[in-house]
Amino acid sequence: MLRRRFTSIRNYTTPHVNGRLAQIPKAYNPLDFESNVTKKWAGRKRLTLSNLTSKDGDTFRMVFPPPNVTGKLHLGHALTVAIQDTIVRLKLMRGHHVEWLAGFDHAGIATHSVVTNKLKSTQKGNIDPSILLKELENHALRNREKMKYQLEALGALLDWNREYYTLDENHSYVVKEAFMHLFHTGIIRRGDGLVNWCFALKSSIADIEVNEVDFKGRTSFPVPGYDNLIDFGLLYHCAYRLQNSDAKLIVATSRPETMFGDVAIAVNPTNEKYQEFIGKSVLNPVNMKIIPVIADARVKNNFGTGNLSFE
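Let us look at the structure shown here. Bear in mind the structure is a predicted one, so any value in this text is a computation, not a measurement. (Residues numbered from 1 in each chain as written. Predicted model: local features only at pLDDT ≥ 70, side-chain atom pairs only at ≥ 80, totals over all residues. Heavy atoms only, no water.)

Thoughts on the nonpolar core
Just so we agree on the cut-off: Side-chain atoms within 4.5 Å are what join buried Ala, Val, Leu, Ile, Met, Phe, Trp, Tyr and Cys residues into a set we call a nonpolar core. For the exposure calls, accessible area comes from a 1.4 Å probe over protein chains only, and a residue counts as buried if that area is under 20% of its type's maximum, exposed if over 50%, partly exposed in between. Each helix is a run of DSSP H or I of at least 4 residues and each strand a run of E of at least 2, with the numbering of both proceeding from the N terminus. Whether two residues are in contact is decided by their heavy atoms, any of which lying within 4.5 Å being enough.
If you look at the biggest cluster of nonpolar residues, it comprises 21 residues, and the most contacted ones within it are Val 88, Trp 100, Leu 151 and Leu 158. Breaking this core down by element, the ones donating at least two residues are strand E3 (59–63), helix H4 (75–93), strand E4 (97–104), helix H6 (129–153) and strand E5 (159–165). Here this core gets four residues from one element, more than from any other, and that element is E4. Excluding residues that lie within four positions of it along the chain, Leu 158 makes contacts with Leu 49, Phe 64, Trp 100, Leu 101, Ala 102 and Leu 151. One finds Tyr 240, Leu 249, Val 251 and Ile 265 within the second-largest nonpolar core, a separate group that totals 13 residues.

In structure tokens form, the structure reads like this:
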């Protein structure tokens, strides 16, 4: 019994010299062991979830949160695997029919940004859309294979027979169908609000995708699509004269070139300094057009002068 156990353990270890264990290294290197463990488990097809689960028990279904295909798995994913894998094995022992679904998330904006930057380093000018799409697919496929290997190395009992990708035709259809259903039932709706617009991606992006950079004074910074550095951290104070009056409304802006498209000046209704301007009109100093002053609670009183121009 002891000899059999030792032989089993020895199969997991490396290296061997003339059939005997070599000197134990001073530092533990997981690569010396995990690959052998993974191969040994992979060879036992009967130990897959589809073969272990009960066919008659109550169904227990769980989805492994699909990781983004932007890179490799990290410690947070490993923690999730450990918790979910424990639950799956408990349900198996209790006779449940278990379905633990594995998949991957396309992570549109992040993946697009990574691949675009990669192509720009090797190509000049505009990137051909067909080349970009092909490289996006290849990038996703490569990372999916890497992450799948990581999950298998962790010994997770995921059901790979039902692996999915969030850009698959079926999943894309379901997402669109669910969105339209929620929209037509009024649960989600189109609304007015300030968005983060990326002029490189030509798309609005979520707050979580934005890396805020604070500038202490004038700072030159590279911007996608421009050969020269662009100056940031400068605020230009522009005076809008009240119609039929000498009073002026001061607006601080980092982009005075947009003043030609101004259609209104917004003031926070809680700003006592400029409350008297709300409902009146001012003169745009660059094109002499008359534009209204409106109230908008989204304007930040502590930024610039507390007034905001709308283009």
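Looking at the environment of Glu 163
Which entries qualify depends on this criterion: Pairing of N or O atoms within 3.5 Å defines a polar contact, subject to two protein rules: one partner must be a possible hydrogen donor and the other a possible acceptor, and residues neighboring in sequence count only if both atoms are side-chain atoms.
Tracing the backbone through its elements, the reader meets Glu 163 in strand E5. Taking relative accessible area as the criterion, Glu 163 reaches 28% and is therefore assigned partly exposed. Each C-alpha atom of the pair Glu 163 and Gly 103 lies 5.2 Å from the other, and the pair is 60 residues apart in sequence. Contacts of Glu 163, omitting those with residues within four sequence positions, involve Ala 102, Phe 104, Arg 144 and Lys 148. Within the structure, the side chain of Glu 163 is placed 3.5 Å from the side chain of Arg 144, a separation counted as a polar contact.

Brief notes about H4
Side chains of residues three or four places apart in an α-helix project in the same direction, reflecting 3.6 residues per turn. Rule in force here: For a helix, the expected span equals 1.5 Å multiplied by the residue count minus one. Each C-beta atom gives one direction from the helix axis, and the arc is the one those directions make.
The end-to-end C-alpha distance of H4, which contains 19 residues, comes to 27 Å, matching closely the 27 Å that a straight helix rising 1.5 Å per residue would cover. Among the residues of H4, those classed as buried are His 77, Val 81, Gln 84, Asp 85, Val 88, Lys 91 and Leu 92. Projection of H4 onto a plane perpendicular to its axis shows the buried side chains occupying an angular sector of 120°, all on one side. Counted as exposed and oriented over 90 degrees from the buried face of H4: Leu 75, Leu 79, Thr 86 and Met 93. Each element contacted by the buried residues of H4 is listed here: helix H3 (49–52), E3, E4 and H6. Immediately beyond the C-terminal end of H4, within one or two residues, lies Gly 95, with a positive phi of roughly 85°.

A few points about the pattern of salt bridges
Note the following rule: What counts as a salt bridge is simple: a side-chain nitrogen of Lys or Arg found within 4 Å of a carboxyl oxygen of Asp or Glu.
Tallied over the entire structure, the rule returns ten salt bridges. For Lys 118, the salt bridge identified is with Glu 135, shortest N-O distance 3.4 Å. Linking Lys 118 in helix H5 (residues 108–120) with Glu 135 in helix H6, this pair joins segments that are 17 residues apart in sequence. A single salt-bridge network, built from bridges that share partners, covers Arg 61, Glu 99 and Arg 162.

Some details on the packing of aromatic side chains
Rule in force here: Aromatic rings from Phe, Tyr and Trp, with only the six-membered ring used for Trp, were paired whenever their centres fell within 6.5 Å, and each pair was classed as stacked if the ring planes differed by under 30 degrees, edge-to-face if by over 60, and tilted otherwise. Ring-over charges, as used throughout, are those where CZ of Arg or NZ of Lys falls within 6 Å of the ring centre and within 35 degrees of the ring normal.
Summed over the entire model, instances satisfying the criterion amount to four aromatic pairs. For the cation-ring pair, Arg 144 lies above Tyr 165, with the distance from its terminal atom to the ring centre recorded as 4.5 Å.

What about the sheet that holds E5?
Threshold: For two strands to be treated as a pair, DSSP must find at least two bridges joining them. Whenever a helix is involved, its axis is fitted only over the stretch in contact; in every case the axis is a line through C-alpha atoms, and angles between N-to-C directions fall within 0 to 180 degrees.
Taken in spatial order, the three strands make up an open sheet running E3-E4-E5, and their pairing is parallel. Two strands close off the open sheet at either side, each with one partner strand: E3 and E5. Averaged over all pairs of adjacent strands, the angle between their axes in this sheet comes to 25°, without regard to strand direction. Sheet topology note: the E3/E4 ladder contains five bridges and is parallel. Paired with Phe 60 across the bridge in E4 is Val 98. Across the sheet, H4 touches E3 and E4, and the angle it forms with E4 is around 155°. Contacting E4 and E5, H6 runs over the sheet at an angle of about 145° to E5.

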